[in-house]
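Residue-level structural notes
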Amino acid sequence: MPENKVKKYFSLIEAWAWCEICTEMVNIRVDKEEIKAGLKMGIYTKEHKHLNPYPDPEDVDDVSSQEHTVYIYIDENYDITGVRSFFGDSPSMSDVGGPSVEPGGEVRIPIVVKEVQPMSVQLGMISMEEFKLLKVCDGMNSVGQCAEITQEPVEKIEDMLDKLRKKGLVKVIKRTSE
Ligand SMILES: [Zn+2]
(Lines give C-alpha, C1' and ligand atoms only; values in the text may rest on other atoms or scores of the structure.)
Protein backbone atom coordinates (compact mmCIF):
# COMPACT_ATOMS: atom_id res chain seq x y z
CA MET A 1 0.00 0.00 0.00
CA PRO A 2 1.56 3.35 -1.03
CA GLU A 3 2.05 5.85 1.74
CA ASN A 4 -0.40 8.71 2.28
CA LYS A 5 1.15 12.05 1.38
CA VAL A 6 0.46 15.67 2.29
CA LYS A 7 1.74 18.89 0.75
CA LYS A 8 1.31 21.86 3.07
CA TYR A 9 0.75 25.33 1.67
CA PHE A 10 0.09 28.67 3.35
CA SER A 11 -3.67 28.36 3.76
CA LEU A 12 -4.46 24.87 2.54
CA ILE A 13 -3.11 21.38 2.27
CA GLU A 14 -3.19 18.96 -0.62
CA ALA A 15 -3.49 15.35 0.45
CA TRP A 16 -3.17 12.01 -1.29
CA ALA A 17 -4.85 9.24 0.65
CA TRP A 18 -4.98 5.58 -0.25
CA CYS A 19 -8.50 4.40 -1.11
CA GLU A 20 -8.79 0.63 -0.65
CA ILE A 21 -11.83 0.50 -2.93
CA CYS A 22 -10.25 2.36 -5.88
CA THR A 23 -6.85 0.90 -5.04
CA GLU A 24 -5.64 4.35 -6.03
CA MET A 25 -4.56 7.51 -4.29
CA VAL A 26 -7.41 9.97 -3.85
CA ASN A 27 -6.41 13.61 -4.13
CA ILE A 28 -8.13 16.29 -2.02
CA ARG A 29 -7.50 19.86 -0.90
CA VAL A 30 -8.53 21.09 2.52
CA ASP A 31 -8.47 24.54 4.05
CA LYS A 32 -6.19 24.76 7.09
CA GLU A 33 -8.86 26.83 8.86
CA GLU A 34 -11.34 24.00 8.42
CA ILE A 35 -8.89 21.56 9.98
CA LYS A 36 -8.11 23.89 12.90
CA ALA A 37 -11.81 24.40 13.57
CA GLY A 38 -12.38 20.65 13.47
CA LEU A 39 -9.48 19.92 15.81
CA LYS A 40 -10.98 22.22 18.44
CA MET A 41 -13.69 19.59 18.69
CA GLY A 42 -11.12 16.82 19.10
CA ILE A 43 -10.36 14.97 15.90
CA TYR A 44 -10.61 16.28 12.36
CA THR A 45 -12.01 14.00 9.69
CA LYS A 46 -12.36 14.91 6.05
CA GLU A 47 -15.22 13.05 4.42
CA HIS A 48 -14.78 12.72 0.67
CA LYS A 49 -17.32 11.03 -1.60
CA HIS A 50 -15.99 9.98 -4.98
CA LEU A 51 -15.90 7.28 -7.59
CA ASN A 52 -13.04 5.85 -9.53
CA PRO A 53 -12.91 7.50 -12.98
CA TYR A 54 -10.73 4.67 -14.26
CA PRO A 55 -12.07 1.37 -12.92
CA ASP A 56 -10.37 -1.78 -14.18
CA PRO A 57 -12.60 -3.03 -17.07
CA GLU A 58 -11.02 -6.49 -16.89
CA ASP A 59 -11.82 -6.96 -13.20
CA VAL A 60 -15.44 -8.02 -12.52
CA ASP A 61 -14.91 -7.51 -8.77
CA ASP A 62 -13.96 -3.88 -9.28
CA VAL A 63 -16.88 -1.91 -7.80
CA SER A 64 -14.95 1.35 -7.53
CA SER A 65 -17.03 3.01 -10.30
CA GLN A 66 -19.89 3.21 -7.77
CA GLU A 67 -19.89 6.18 -5.45
CA HIS A 68 -18.13 5.57 -2.14
CA THR A 69 -16.50 7.52 0.66
CA VAL A 70 -13.12 7.95 2.27
CA TYR A 71 -12.74 9.28 5.80
CA ILE A 72 -9.35 10.93 6.17
CA TYR A 73 -8.17 11.63 9.70
CA ILE A 74 -5.84 14.66 9.85
CA ASP A 75 -3.86 15.77 12.91
CA GLU A 76 -2.65 19.18 14.12
CA ASN A 77 0.51 18.90 11.99
CA TYR A 78 -1.73 18.44 8.93
CA ASP A 79 -0.56 14.85 8.54
CA ILE A 80 -2.84 11.93 7.69
CA THR A 81 -3.15 9.52 10.61
CA GLY A 82 -5.80 7.19 9.20
CA VAL A 83 -7.99 6.51 6.17
CA ARG A 84 -11.20 4.46 5.89
CA SER A 85 -12.86 3.57 2.59
CA PHE A 86 -16.46 2.35 2.48
CA PHE A 87 -19.77 2.25 0.63
CA GLY A 88 -22.86 3.81 2.16
CA ASP A 89 -23.07 6.01 5.24
CA SER A 90 -20.38 4.43 7.40
CA PRO A 91 -17.93 1.52 7.30
CA SER A 92 -19.52 -1.84 8.05
CA MET A 93 -18.41 -3.54 11.26
CA SER A 94 -16.65 -6.21 9.22
CA ASP A 95 -14.19 -3.57 7.95
CA VAL A 96 -13.19 -2.43 11.42
CA GLY A 97 -9.73 -3.53 12.46
CA GLY A 98 -8.24 -3.19 9.01
CA PRO A 99 -6.41 -5.69 6.85
CA SER A 100 -3.92 -6.48 9.62
CA VAL A 101 -6.51 -8.56 11.53
CA GLU A 102 -6.34 -12.26 10.74
CA PRO A 103 -9.58 -14.14 10.02
CA GLY A 104 -10.88 -15.49 13.32
CA GLY A 105 -8.86 -12.92 15.22
CA GLU A 106 -10.52 -10.86 17.90
CA VAL A 107 -11.11 -7.17 17.32
CA ARG A 108 -11.94 -4.83 20.19
CA ILE A 109 -13.96 -1.77 19.22
CA PRO A 110 -14.52 1.08 21.67
CA ILE A 111 -17.83 2.90 21.26
CA VAL A 112 -19.00 6.10 22.95
CA VAL A 113 -22.10 5.49 25.06
CA LYS A 114 -22.56 9.02 26.31
CA GLU A 115 -21.95 12.15 24.27
CA VAL A 116 -19.48 14.46 25.99
CA GLN A 117 -19.46 18.22 25.39
CA PRO A 118 -16.18 20.17 24.98
CA MET A 119 -17.20 21.97 28.18
CA SER A 120 -16.36 18.78 30.13
CA VAL A 121 -12.69 19.40 29.35
CA GLN A 122 -12.83 22.98 30.65
CA LEU A 123 -14.59 21.75 33.77
CA GLY A 124 -11.81 19.20 34.30
CA MET A 125 -14.15 16.22 34.09
CA ILE A 126 -12.01 14.64 31.41
CA SER A 127 -8.65 15.52 29.84
CA MET A 128 -8.23 16.86 26.30
CA GLU A 129 -6.53 13.57 25.38
CA GLU A 130 -9.53 11.61 26.63
CA PHE A 131 -11.84 13.94 24.76
CA LYS A 132 -9.89 13.34 21.53
CA LEU A 133 -9.97 9.62 22.07
CA LEU A 134 -13.74 9.66 22.52
CA LYS A 135 -14.03 11.31 19.10
CA VAL A 136 -12.50 8.27 17.40
CA CYS A 137 -14.55 5.79 19.41
CA ASP A 138 -17.28 5.98 16.78
CA GLY A 139 -17.56 2.26 16.16
CA MET A 140 -15.38 2.51 13.08
CA ASN A 141 -12.04 1.99 14.78
CA SER A 142 -10.48 -0.85 16.70
CA VAL A 143 -8.34 -0.10 19.76
CA GLY A 144 -5.27 -0.38 17.53
CA GLN A 145 -6.69 2.01 14.97
CA CYS A 146 -7.60 4.50 17.73
CA ALA A 147 -3.95 4.43 18.75
CA GLU A 148 -2.88 5.03 15.16
CA ILE A 149 -5.23 7.95 14.61
CA THR A 150 -4.46 9.70 17.91
CA GLN A 151 -0.73 8.90 17.55
CA GLU A 152 -0.55 7.37 21.04
CA PRO A 153 0.85 4.01 22.16
CA VAL A 154 -1.72 1.19 22.44
CA GLU A 155 -0.98 0.73 26.18
CA LYS A 156 -1.85 4.35 26.83
CA ILE A 157 -5.08 4.01 24.84
CA GLU A 158 -5.99 0.90 26.89
CA ASP A 159 -5.41 2.83 30.13
CA MET A 160 -7.49 5.77 28.96
CA LEU A 161 -10.28 3.47 27.79
CA ASP A 162 -10.29 1.81 31.22
CA LYS A 163 -10.81 5.16 32.89
CA LEU A 164 -13.46 6.25 30.41
CA ARG A 165 -15.27 2.94 30.87
CA LYS A 166 -15.34 3.46 34.63
CA LYS A 167 -16.80 6.90 34.04
CA GLY A 168 -19.51 5.27 31.94
CA LEU A 169 -18.56 7.14 28.79
CA VAL A 170 -17.38 4.31 26.61
CA LYS A 171 -17.90 0.60 26.10
CA VAL A 172 -15.61 -1.83 24.32
CA ILE A 173 -17.29 -4.47 22.20
CA LYS A 174 -15.52 -7.54 20.92
CA ARG A 175 -16.05 -9.19 17.62
CA THR A 176 -14.35 -11.94 15.70
CA SER A 177 -13.14 -10.90 12.27
CA GLU A 178 -14.41 -12.80 9.22
ZN1 LIG B 1 -12.13 5.28 -3.88
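Residues numbered from 1 in each chain as written. Predicted model: local features only at pLDDT ≥ 70, side-chain atom pairs only at ≥ 80, totals over all residues. Heavy atoms only, no water.

As for the coordination of the zinc ion
Within the protein, the atoms that donate to the zinc ion are Cys19 (SG), Cys22 (SG), His50 (NE2) and His68 (NE2), at distances of 2.0 to 2.2 Å. In this structure, the zinc ion is surrounded by four donor atoms whose angles at the metal cover 93 to 121 degrees, and the resulting shape is tetrahedral. Read in sequence order, the donor residues coordinating the zinc ion give the pattern C-x2-C-x27-H-x17-H. You can see Cys22 sitting in the loop between β2 (12–19) and β3 (24–31) and its partner His68 sitting in strand β5 (residues 68–74), a full 46 residues away along the chain. Per residue, the accessibility class of Cys22 equals that of His68, and both read buried. (Donors = N, O, S within 2.8 Å, 3.2 Å for Na, K, Ca; no water. Tetrahedral: all angles 85-135°; square planar, octahedral: opposite > 155°, others 65-115°. Helix = DSSP H or I, 4+ residues; strand = E, 2+ residues; numbered from the N terminus. Buried < 20%, exposed > 50% of the residue type's maximum accessible area, 1.4 Å probe, protein only.)

Points about the sheet that holds β3
Read across the sheet, three strands follow the order β1-β2-β3 without closing on themselves; strand pairing throughout is antiparallel. At either margin of the open sheet sits one strand with a lone partner, and together these are β1 (5–8) and β3. Neighbouring strand axes in the sheet, compared pairwise and without regard to direction, differ in orientation by 15 degrees on average. Docked against the sheet, helix α1 (residues 32–40) engages β2 and β3, running at close to 85 degrees with respect to β3. (Pairing = 2+ DSSP bridges. Axes fitted to C-alpha atoms, helices over the stretch in contact; angles between N-to-C directions. Contact = heavy atoms within 4.5 Å.)

Brief notes about the pairing of β5
With seven of seven residues buried, β5 lies mostly within the body of the structure. Residue alternation in β5 divides its side chains into two sets, His68, Val70, Ile72 and Ile74 and Thr69, Tyr71 and Tyr73, and both sets are buried. In this structure, strand β4 (residues 44–50) lies alongside β5, joined through seven bridges in antiparallel fashion. When the bridges of β5 are listed, Lys46 appears paired with Ile72. Here six bridges tie β5 to strand β6 (residues 80–86), and the two strands are oriented antiparallel to one another. From the neighbouring strand, Val70 faces β6, where its bridge partner is Ser85.

Structural notes on the pattern of salt bridges
On inspection of all chains with the given rule, the structure shows 10 salt bridges. For the salt bridge of Lys8 with Asp79, the shortest nitrogen-to-oxygen distance reads 3.1 Å. Of this pair, Lys8 sits in strand β1 while Asp79 is found in the loop between β5 and β6, placing the two residues 71 residues apart along the sequence. The partly exposed category is assigned to Lys8, whose relative accessible area is 43%. The salt bridge partner of Glu129 is Lys156, with a shortest N-O separation of 2.7 Å. In this pair, Glu129 sits in helix α3 (residues 128–136) while Lys156 sits in helix α5 (residues 154–166), placing the two residues 27 residues apart along the sequence. The class of Lys156 is partly exposed, set by a relative accessible area of 28%. (Salt bridge = Lys/Arg side-chain N within 4 Å of Asp/Glu carboxyl O.)

A word on α3
Glu130, Phe131, Leu133, Leu134 and Val136 are the residues of α3 that are buried. Looking at the buried side of α3, the elements it contacts are β5, β7 (106–112), α2 (119–122), α4 (143–150), α5 and β8 (170–176).

A short note on a nonpolar patch on the surface
On the surface, Met119, Leu123 and Met125 cluster together into a nonpolar patch covering about 340 Å² of accessible area. Along the polypeptide, Met119 turns up in helix α2. (Patch = residues over 30% accessible without salt bridge, like charges linked within 9 Å, V, L, I, M, F, W, Y side chains within 5 Å. Areas by Shrake-Rupley, 256 points an atom, 1.4 Å probe, with all protein chains shown as cover.)

Some points on the domain arrangement of the protein
Segmentation of the protein into domains returns domain 1 (1–90) and domain 2 (93–178). On the domain 2 side, the residues contacting the 14 residues of domain 1 number 15 residues. Counting each side, the surface lost to burial between domain 1 and domain 2 is near 1200 Å², with a carbon and sulfur contribution of 60%. Seen at the junction of domain 1 and domain 2, the total is one salt bridge. Among the ionic pairs, Glu76 bridges to Lys132, the shortest N-O distance being 3.9 Å. Among the secondary structure elements, those contributing two or more residues to the side of domain 1 that touches domain 2 are α1, β5 and β6. No other element matches the three residues that β6 contributes to the side of domain 1 that touches domain 2. The residue makeup of the side of domain 1 that touches domain 2, split by class, is five nonpolar, four polar and five charged. (Domains from an automatic or database assignment. Buried area = accessible area lost by both parts, 1.4 Å probe. Nonpolar A, V, L, I, M, F, W, Y, C, P; charged D, E, K, R; others polar.)

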